[in-house]
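Spelled out from the first residue to the last, the chains are:
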Amino acid sequence: MSKFLVRKAAVLGAGVMGAQIAAHLANAGVQPVLFDLAAEGRDKNGIVKKALDGLARLEPSPLATKSVLERITAANYDEHLALLAGCDLVVEAISERMDWKKSLFDKVAPHLAPHAIFASNTSGLSITELSKVLPEAIRPRFCGIHFFNPPRYMRLVEIIPTASTDPAIVDALEAFLTTTLGKGVVRARDTPNFVANRVGVFSMLATMHHTLAFGLGFDEVDALTGPAIGRARSATFRTADVVGLDTMAHVVKTMHDTLPGDPWHSYYNAPEWLSGLIAKGALGQKTKAGIFVKKGKEIHVLDLAKKDYRPSAGAIAEDVQAILKEKDPAQQFARLRASQHPQAQFLWAIFRDLFHYCAVHLADIAHCARDVDFAIRWGFGWKLGPFELWQAAGWQQVAGWIAEDIAAGKAMAKVPLPGWVTDGRKGVHGPQGSFSASDDTMHSRSTLPVYRRQHFPELVLGEKPADRGTTVFEDEGVRLWHQGDGIAIVSFKSKMHSLGTEVLAGLNRAIDEAEANYDALVIWHEAPFAVGANLKAALESLKAGKIDEFEQMVALFQRTSQRLKYSLVPTVAAVEGMALGGGCEFVMHSQRVVAALESYIGLVEVGVGLLPAGGGLKELAQRANAWAKGGDAFPELGRLFRQVAMADVSKSAEHARELGYLKPADVVVFHPAELLHVAKQQARAMAESGHRPPLAPTRIPVAGSTGIATLKMMLVNMKEGGFISEHDYEIGSRIATVMCGGEVEPGSVVDEQWLLDLERHHFVELAKTAKTQERIEHMLKTGKPLRN
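Residues numbered from 1 in each chain as written. Predicted model: local features only at pLDDT ≥ 70, side-chain atom pairs only at ≥ 80, totals over all residues. Heavy atoms only, no water.

K.L.:
What should I look at first to understand the packing of helix α21 (residues 616-626) against helix α26 (residues 726-739) in this one?
P.N.:
Helix packing geometry: the angle between the two helix axes and the distance between the axes. As a packed pair, α21 and α26 sit with axes 9 Å apart at the nearest point and diverge in direction by 55°. Between α21 and α26, the interaxial angle falls into the category oblique. Note that α21 runs across α26; the crossing there is right-handed. Across the interface between the two elements, L617, L620 and A621 from α21 touch I735, V738 and M739 from α26. (Axes fitted to C-alpha atoms, helices over the stretch in contact; angles between N-to-C directions. Helix = DSSP H or I, 4+ residues; strand = E, 2+ residues; numbered from the N terminus. Parallel < 35°, antiparallel > 145°, perpendicular 65-115°, else oblique. Left-handed = near helix turned anticlockwise from the far one by under 90°. Contact = heavy atoms within 4.5 Å.)

Next comes the structure, spelled out in structure tokens:
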């Protein structure tokens, strides 16, 4: 099987995971059929329909847009098994009971298409054992496919083949998961809990053990084990609440039941306090009470000494904070180990036991160390995986400390480190690949064709980075470069890719260079795409009274946007992450956009007391006319006005298309590492097809004074209702004036420069006000908008 095409897919089980897997398949344009048991009563699809209703209410949303829900077909096992015959992929996602899964396999197997891949989303049950109930003909097309929750946002998917799984099936499935669903794939061995849960759950168990051993509070430990050490904000105990304490206990029980000979087996038990919470029905987030509980506006945490909840106030001690700020990992670990502070001793202990565990089990659970590190990064949200952390801190130094602690009886297990750990190596990752303990070799990256689409794949520490191309020029604001194929690439260098004069000047120079010497120009760099204008520089000009200089900067911004739109070579914006304010305006003016699904695009200038002035309002006024139904553009104009006035930001790239920030021809990709590849393909196709820029419109009909008055009435109602301030009203009125073409007769026609002049004038007038400057200052200081 060289290629795996999925038009339809079935998901068996409409629980939390099954419904969200179906949602993400629908996001990708696959037509999912979501199955569950037949409900009692007239509507036998009642269980599935309830799950679909739940998807619409979940936050963060599993749906790229609300309309995606319409792609999912509800089905039940009593009436609709025949639908499986039309499915290319079937994913089982019911409860973690071996007997239930085997019973369902018996039921569905006769209805599977001869070419369909059948997979189980089990989080840790044996795939080989599950396969035994299947007919021989299906076994080569069966494997494990373990998504992480929530499936839209978590990068990791583990593929777990059996000895009978056709290798070509695994290759094809990996390509589908990577490009179509945007996933990072790790091929796991068929061992209990596979890779990520095996290591991640042990890390949580070790943390729980040492929490009690060092007498720390759950909130204190979450302060220590979150972003302070490069892990997710939910840290340890909050993560357990989110996952579900019963689910956590089930995964631990799987390890206890299936790993009797493991050196850490005695720790594979739910702590007494955890079992107590489960017995009371306090299962975490899904029951609104677990380790943490919200009381009014306050978060309370379980206090084991008091056997009751108390306000959560955990904090990192100053001495430990100073150690964690140490930039040299070797020094940081040395100081943690040497410190007598319980928090520092706790941190050293959880790292020591994690490293020890990973070293001992590497040969059993993973093909190489890279798989462990990516599994933990993608599945648990760590910045670095355990082997990367160890290597960064000095491999042999840390190995020596671990060995000392094992000998002294301080480690959780007495088993010695494997011999390969202390053979003089400097780590497990290097330019030649990552170490495999099972065959004592370094494994290079996968050579599957799908990975050729990733020009700059995510790396592990110590891996050789990809060639960054040939530089054409580089200045303070941008770098223009190419990869020898006639496509110029410009990358912004400013912090968060903010759009100051250096970036604007550099982008104009890049367009000059592209028009003279290249076939197309792509804007690409790592996320975020751009967070808007350089507010610090803008405020400095305003405070110094340099209004003319400030207005010239706005005019330069407008000219740059227009050049993107009317460049004689194709301009393609490759967008990932935030594209806000001026970043959104560059998106709107690029001749083609290739956006990662997780792109958050919007005109948010009102948050700092301004209005869009890089051509954004001008573009929306024109798009309202283009989308007018029956010749009346005002309904669309009103919708777009509300969008800007409320600073709405898209929740996905597809949502941005619905909002009007992306055009119908713009492209959405699911894997961010493929963004540059697809953007260059689009640019090349445009160039080869003789692409010409659009002609600048000279007759843009506008709503004029009547439109302004109508939009202002909307603002009056909001102000009188207490929803907006006086200054919000002022900003909204000026936005209305620009979008309606100014105080002219309704139906008047204007050109783009007229609208740009209006944008610039009202932007500058707002910028001169004290309240807008207060908003800008507040945003710079706090990162949050001020409504004054």
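That covers the picture; the talk isn't over yet.
K.L.:
Teacher, can you tell me more about the sheet that holds strand β11 (residues 308-311) here?
P.N.:
Through backbone hydrogen bonds, the strands of a sheet pair up, either in parallel or in antiparallel fashion. Strand order across the open sheet formed by three strands is β9-β10-β11, with antiparallel pairing between neighbours. Of all strands in the sheet, those with a lone pairing partner are β9 (292-295) and β11, marking the two edges. When strand polarity is set aside, the average angle formed by the axes of neighbouring strands in this sheet is 40°. Two elements, strand β10 (residues 298-303) and β11, share four bridges in a ladder whose sense is antiparallel. Residue pairing across strands places V301 opposite R310, the latter belonging to β11. (Pairing = 2+ DSSP bridges.)

K.L.:
Sorry, what's going on with the nonpolar core here?
P.N.:
The nonpolar side chains of a soluble globular protein tend to be buried, and buried together. In terms of nonpolar packing, the biggest core is built from 127 residues, with L173, F176, L177 and Y661 touching the most fellow members. Per-element accounting of this core gives the leading share, seven residues, to helix α1 (residues 16-27). Non-local contacts of Y661, meaning those with residues more than four positions away in its chain, are made with C584, V587, M588, I601, G602, L603, L620, R623, Q643, V644, D648 and A656. Within the second largest apolar cluster, 111 residues are counted, among which are F194, A206, I323 and F346. (Core = buried A, V, L, I, M, F, W, Y, C linked by side-chain atoms within 4.5 Å. Buried < 20%, exposed > 50% of the residue type's maximum accessible area, 1.4 Å probe, protein only.)

K.L.:
Please explain unusual backbone geometry as it appears in this structure.
P.N.:
Most peptide bonds are trans, and most residues other than glycine sit at a negative phi. Note that the residue after E59, namely P60, is joined by a cis bond; omega there is -5°. Counting through the fold element by element, P60 comes out in the loop between α2 (46-57) and β3 (73-76). For the bond from A527 to P528, the omega torsion is 0°, close enough to zero to count as cis. One can find P528 in the loop between β18 (520-523) and α18 (535-543). Residues other than glycine seldom take positive phi values, yet H497 does so here, at roughly 60°. Considering the arrangement of structural elements, one finds H497 in the loop between β17 (487-492) and α17 (501-517). Unusually for a residue other than glycine, A647 sits at a positive phi of about 55°. Tracing the chain through its elements places A647 in the loop between α22 (634-645) and α23 (653-659).

K.L.:
Before we go on, may I ask you to explain helix α13 (residues 342-365) in this structure?
P.N.:
An α-helix turns once every 3.6 residues. As a result, residues three or four positions apart point the same way. A rise of 1.5 Å per residue sets the reference length of α13, with its 24 residues, at 34 Å; its end C-alpha atoms lie 32 Å apart and thus fit the reference within 8%. At A359, α13 shows its maximal kink, close to 35°. Within α13, 20 of the 24 residues are buried, leaving the element largely enclosed by the surrounding structure. (Expected span 1.5 Å × (residues − 1). Bend = angle between axes of the 7 residues up to and from the residue.)

K.L.:
Could you clarify how one ought to interpret helix α9 (residues 245-258) in this entry?
P.N.:
In this model, α9 (14 residues) spans 20 Å end to end at C-alpha, consistent with the 20 Å of a helix rising 1.5 Å per residue. Those residues of α9 not exposed but buried are L245, M248, A249, V251, V252, T254 and M255. Those residues of α9 that are buried lie in contact with α6 (196-213), α8 (237-243), α10 (272-279) and α13.

K.L.:
Please explain the packing of aromatic side chains as it appears in this structure.
P.N.:
What describes a pair of aromatic rings is the distance from one ring centre to the other and the angle between the planes of the rings. A complete count under the given rule lists 28 aromatic pairs for this structure. With a centroid separation of 4.8 Å and 65° between ring planes, the pair formed by F105 and F118 is classed as edge-to-face. Note that F105 is positioned in helix α3 (residues 98-108) and F118 in strand β5 (residues 117-120), a separation of 13 residues in sequence. Accessibility expressed as a relative area gives 0% for F105, which makes it buried. Measuring from ring centre to ring centre gives 4.9 Å for W264 and Y357, while their planes differ by 70°; the resulting arrangement is edge-to-face. One end of the pair, W264, is in the loop between α9 and α10; the other, Y357, is in helix α13, with 93 residues separating them in the sequence. Assessed through its relative accessible area of 0%, W264 is described here as buried. Given the relative accessible area of 0%, Y357 is considered buried. Among the aromatic residues, those joined into a ring-pair cluster are F333, W348, F351, F355, F387, W390, W395, W401, W420 and F435. Residue placement shows R231 over the ring face of W382; its charged tip is 3.8 Å from the ring centre. Seen from the ring of Y729, K719 lies directly overhead, with NZ or CZ sitting 4.5 Å from the centre. (Phe/Tyr/Trp six-rings, centres within 6.5 Å; stacked < 30°, edge-to-face > 60°. Lys NZ or Arg CZ within 6 Å of the ring centre and 35° of its normal.)

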